[in-house]
Amino acid sequence: MEAILEVKGLRKSYGKVDVLKGIDFDIKRGEVFGLVGRNGAGKSTLIHAIAGIVHKTSGAFTIFGQTDDQLNRVKRQIGVMPDVSNLYEHMKGLHFLKYMAELTEDKRPKKELIELMHSVGLHGAEYRKIKDYSFGMRKKLSIAQALLGKPEFIILDEPTSGLDPESAIHIRKLVESLKKSGKTIMLTSHNLDEIDKVSDRVAILSEGVIKKLDTPRALKQEQSESAQITVITKPKLSLERIEQLPFQMVFDHEIEEGVVLHAEKKDEVADLVAYLVQEEYKVYEIKTREKTLEEVFMDV
Amino acid sequence: MLSIMKREFIDVIKSIRSILIILFITFVSYQTASFFNDNDGLVRDLLLGGEVTESAIYSLAVSFIILFFGFLFGFSIAHQAINKEVELKTIRLIVSKRSMRDIMVGKLIGNYLFWVITITLSYVLIFTVTKSWSIDDYLSSLIFMFYVVTAALLLSTLVKKSLATMFLGMFLGVVIPILGMMSLASDKVYFLPFKYVLPYYYLEDRSALMLIPLVIGVIFFIVATYLMEKRDL
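Residues numbered from 1 in each chain as written. Chains lettered and ligands numbered in written order. Predicted model: local features only at pLDDT ≥ 70, side-chain atom pairs only at ≥ 80, totals over all residues.

Draft legend 1. Local environment of the overall build of chain B. The number of helices and strands found in chain B is 13 helices and zero strands. Here the C-alpha atoms of chain B give a radius of gyration of 19 Å, agreeing with the 17 Å that 2.2 N^0.38 yields for 233 residues. With respect to the three principal axes, the spread of C-alpha positions in chain B is 60 × 45 × 30 Å. Going through the 233 residues of chain B one by one, you find that 41% of them count as buried. Long-range contacts, defined here as pairs at least 24 residues apart, represent 79% of the contacts in chain B between residues at least 6 apart. (Helix = DSSP H or I, 4+ residues; strand = E, 2+ residues; numbered from the N terminus. Rg over C-alpha atoms; globule rule 2.2 N^0.38 Å. Buried ≥ 20, exposed ≤ 12 C-beta atoms within 10 Å, placed from the backbone. Contact = placed C-beta atoms within 7 Å.)

Below is the structure:
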């Protein structure tokens, strides 16, 4: 698939502080690319560099086939939600969107701008001043402005942080519908469960470098050398039996119908099944649990 | 660019300060024109000196206001055109959609348009009373305010805090006209830079030199745009 963004060796320093220390990745057309990292990992700086808000120190990127010094040529194809603190407070929501639409030469009528506000979950706020908006409303308005001009590539910096669960789900569904309509999306979030659900690929940024980059599934599997196994049998496996197992597997905790064990290697699950059959246990369930993206992230 | 210009112009013209400036300039212009129109004898006496034209006498007030208060008024309106957007980070939104050059040109035209309208309105009022229009003085005022607006944009780019540009703008708005006038009257070496950098010397004579403040203004604007293009926002 064609890459619409290719980043090579991107570095950004503020004085002696290196925020990005050589970033390499690409984003393919139509994919949702998740970027996770702790506070200060460089996520926003990376987004700002791609959006032309800050200037790289070295390295390069191409976007829609244009080099970074030709970014102005493709800005109208990119929708950016930089952060939420940069809206024109004195303007009314609808007037703000109208101004942003003019900047992107988006000539949609007022009715469609109102529909756009509704699509991000902003109802009845068209003629309210932005300074009277709640944090969540500002966030939604910021997302709405990023969608103006019908951009092919949308960059969202923490679109759901600070939103109530209902609004967060609404925004997640919006991201999914944008993906379905063929848009390419790059988003950052502290909500790893959300990144896991919507992203095709995830990059874990830490201390200015990308430590891991793969599909959420591959990331979780790569990290899952060990496994947590739920074993439901009749009779229930006793602690004594577990200690006598002919392979390395330790008791983790007991549940109502069975036990949860911890294996250092996933292969040992097959040995466990063979052992239980041989010992004539009735096996009702053996389930291994993958690591969550959060656990993967914490391991980096 | 057109949208940025429009937004800038609306923001400028909506402020109380701008409305007061328009009222002040147009009111004084109208009253002065009416005064001279009602006092033919005084106009004839002034014309005897041979240094001014009749139309220039009628537009005396507006020329005087622009020369002496142009910097003060111009800086008070445009001093935060750039740094306020940077402070509030709203520039991040615009720069993600448009080039910095577009933004700067929009800001320049939006602010300058206010002065073109204000000065033109004053001359229209003078014309309705006296039926005369001093083209030289009109162009001179427009060129002068172009210089002021570009200087204000450069100031707003160089000084990052809008509060600082407000005070600096007021200070410069008072000091620059004094230095400009002194540089015209004095032969002292240390006044030479002011003589050649400020617009007063070039606008004294109605000659091709009048275009030099326009060129200096363009240089100010290019420097301001270059600095903004290089800055992290």
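Still more ground to cover, so stick around.
Draft legend 2. Summary view of helix α1 (residues 43-51) of chain A. All names here are of chain A. Of all nine residues that make up α1, nine are buried, and the element is covered over most of its length. Taken together, the buried positions of α1 are occupied by K43, S44, T45, L46, I47, H48, A49, I50 and A51. Positive phi appears at G52, one or two residues downstream of α1, with a value of about 80°.

Draft legend 3. Just the sheet that holds strand β9 (residues 201-206) of chain A, in detail. All names here are of chain A. The six strands lie next to each other as β6-β7-β8-β3-β9-β10, forming an open sheet whose pairing is mixed. At either end of the open sheet lies a strand with only one pairing partner, and these are β6 (78-81) and β10 (209-214). Pairwise comparison of adjacent strand axes, ignoring direction, gives a mean angle of 15° for this sheet. As paired elements, strand β3 (residues 32-37) and strand β8 (residues 184-188) share four bridges and run parallel to each other. Across the sheet, the residue bridging to F33 is M186, located in β8. Helix α4 (residues 135-146) rests against β6 and β7 (153-157) of the sheet, and its axis sits at about 165° to β6. Its contacts with the sheet put helix α5 (residues 165-180) on β3, β7 and β8, and the angle it makes with β8 is roughly 155°. (Pairing = 2+ DSSP bridges. Axes fitted to C-alpha atoms, helices over the stretch in contact; angles between N-to-C directions.)

Everything listed is a geometric property; what it means functionally is a separate question.
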